[in-house]
Amino acid sequence: MQTTLRVSLRAAVVATLAVGAAACSKKAEGAPGGAGGRGGPSVTLAATDVAQPRLAPLEDAIPITGTLEPLERAEVRARLEGDVDAVYVREGEAVRAGQLLAVFDGGDQAGNARSAAADVAAARSELSTAEWTLEQNQELHREGAIPERDVRVAQQAVAAARARLAAAQARSGTSRREVGDTRVVAPVSGVIERRTVNPGEHINRNAALFTLVRGDVLELAAAVPERAAAAVQAGQSVRFTADGTEFTGRVARISPSVDPGSRSVTVYVQVPNPDGRLRAGTFASGRIVSRVVDGALVVPASAIREGREGGPEVVYRVVDGKVDVVPVTLGLKDEAQGLVQVTDGVSEADQVIVGNVGVLGKGMAVRMAGQGGRGGEGGGAAKGGAEKGK
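It should be emphasised that the depicted structure is a prediction, and the values quoted were computed from it without experimental measurement.

A.B. asks: Outline the packing of aromatic side chains, supporting the account with residue identities and numerical values.
C.D. replies: Taken as a whole, this structure holds one aromatic pair when the rule is applied. Between Phe240 and Phe247, the aromatic rings sit 5.4 Å apart at their centres with planes inclined by 15°, giving stacked as the arrangement. Each of the two residues, Phe240 as well as Phe247, counts as buried. For Arg253, the ring lying beneath its charged end belongs to Tyr268, and the centroid distance is 4.4 Å.

A.B. asks: Account for a negative patch on the surface, with residues named and values stated.
C.D. replies: A contiguous patch of negative charge, built from Glu81, Asp83, Asp85, Asp105 and Asp108, is present on the exposed surface. One can find Asp105 in the loop between β7 (100-104) and α2 (107-142). The exposure class of Asp105 is partly exposed, given its relative accessible area of 40%.

A.B. asks: Break down unusual backbone geometry for me, with residues and values.
C.D. replies: Residues other than glycine seldom take positive phi values, yet Arg263 does so here, at roughly 55°. Mapped onto the secondary structure, Arg263 falls in the loop between β13 (245-254) and β14 (264-272). Look at Asp320: it is not a glycine, yet its phi comes out positive at around 55°. Here Asp320 falls in the exposed class, since its relative accessible area comes to 52%.

A.B. asks: How would you summarise the sheet that holds strand β8 (residues 183-185) if you had to cite specific residues and measurements?
C.D. replies: The strand order across the open sheet formed by four strands is β8-β7-β5-β10, and the pairing between neighbours is antiparallel. Both outer strands of the open sheet, β8 and β10 (202-203), are each paired with one neighbouring strand and no more. Here β7 pairs with β8 via three bridges, running antiparallel. Along β8, the bridge assignment pairs Leu100 with Val185.

A.B. asks: Quick one: what's the story with the pattern of salt bridges, residue by residue and with numbers?
C.D. replies: Using the criterion set out here, one finds 19 salt bridges in the structure. Notably, a salt bridge pairs Glu193 with Arg73, separated by 3.1 Å at the nearest N-O pair. With Glu193 in strand β9 (residues 190-195) and Arg73 in strand β4 (residues 69-77), this pair connects stretches of sequence that are 120 residues apart. With a closest N to O distance of 3.4 Å, Glu75 and Arg194 form a salt bridge. With a gap of 119 residues between them, Glu75 in strand β4 and Arg194 in strand β9 connect regions that are remote in the sequence. A residue is classified by how much of its surface remains accessible, and Arg194, at 42% relative accessible area, is partly exposed.

The rules behind these values
Residues numbered from 1 in each chain as written. Predicted model: local features only at pLDDT ≥ 70, side-chain atom pairs only at ≥ 80, totals over all residues. Heavy atoms only, no water. Phe/Tyr/Trp six-rings, centres within 6.5 Å; stacked < 30°, edge-to-face > 60°. Buried < 20%, exposed > 50% of the residue type's maximum accessible area, 1.4 Å probe, protein only. Lys NZ or Arg CZ within 6 Å of the ring centre and 35° of its normal. Patch = residues over 30% accessible without salt bridge, like charges linked within 9 Å, V, L, I, M, F, W, Y side chains within 5 Å. Areas by Shrake-Rupley, 256 points an atom, 1.4 Å probe, with all protein chains shown as cover. Salt bridge = Lys/Arg side-chain N within 4 Å of Asp/Glu carboxyl O. Lys, Arg positive; Asp, Glu negative; His and termini not counted. Charge placed at Lys NZ, Arg CZ, Asp CG, Glu CD. Helix = DSSP H or I, 4+ residues; strand = E, 2+ residues; numbered from the N terminus. Pairing = 2+ DSSP bridges.

Below, the structure written as structure tokens:
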């Protein structure tokens with residue numbers, strides 16, 4: 001009796017569950033939107049998650065980085081040994097070419113110059129006497145008063161006097177240069193970067209005195225990958241950013257060989273700096289602009305997503321309040337602006353989804369944050385935005 005009762009209860013429970021499932025199924029079928037209604041997959045997007053493709057100029061550029069160095073750095077050294085009497089400049093001072101920087105004690109050099117000048121005068125006198133003697137001997141020889149031997153001796157005396165005069169003039173020139181070397185002048189216009197001499201010091205020959213840099217033009221040596229170096233040419237414009245300041249330069253020179261270790265080519269970029277706003281040693285990042293495409297259809301780089309199984313890149317867009325997937329063909333990529341050119345697949349009227357908004361799938365309903373209603377209503381708002389963009 002008990003066994004029969006248990007079997008009857010189980011049958012009644014199974015029947016009740018079946019009736020409930022059938023009723024729920026009918027209710028779902030009768031709900032608005034069917035399986036795609038409130039219970040279907042959807043995604044909520046903020047206004048910043050949607051962007052419209054637009055026309056904009058786009059640069060085909062090669063990124064470079066490096067340190068700005070002065071175009072010229074001159075090391076001013078002592079040309080003689082002696083004591084320094086005075087130093088007239090300090091670090092950071094701008095100087096002109098030929099400006100006096102320091103002075104050595106030139107007493108010895110001045111004395112040597114006067115002695116050399118006296119030697120030149122004596123040699124000239126000896127030469128003049130020897131030449132007069134030669135003329136007299138030649139006249140006497142023509143009259144037969146003296147033998148030819150005396151004429152030859154006079155000629156040799158003239159030659160020796162001329163040699164002594166040339167040697168004296170050479171010593172005089174050297175002594176005059178030494179007198180000039182007691183005055184240290186700037187070889188080029190620039191700024192004193194380092195001073196290693198003070199008044200009263202005894203300096204050896206060839207010792208470093210000053211380091212002078214030319215800061216009106218700075219230069220950056222950048223390594224460009226071998227595959228991209230073919231697009232670099234002398235004269236191309238380079239856009240830089242350093243210390244929050246934007247400035248431009250140009251490609252001045254290109255190395256003729258490829259570095260075997262890094263497989264890169266060194267490109268030398270010159271940056272005008274007439275007002276001294278940029279300082280040597282500043283780190284800068286820039287872009288060598290090889291060409292500019294005007295009116296390119298661009299989308300944010302975050303809108304481009306990888307295709308399935310190695311296929312072309314795709315873009316998710318909002319169409320009729322739902323997510324649509326479309327393959328795209330890409331052109332230039334501007335990493336600085338974060339833009340990518342799309343040559344095929346989307347138009348200016350589309351609305352593309354950008355950034356990381358979670359898992360997306362074709363057909364998902366779109367709900368716009370801040371707008372009430374069901375997913376379909378949110379999608380209608382997105383559609384209305386796309387129509388407005390048209």
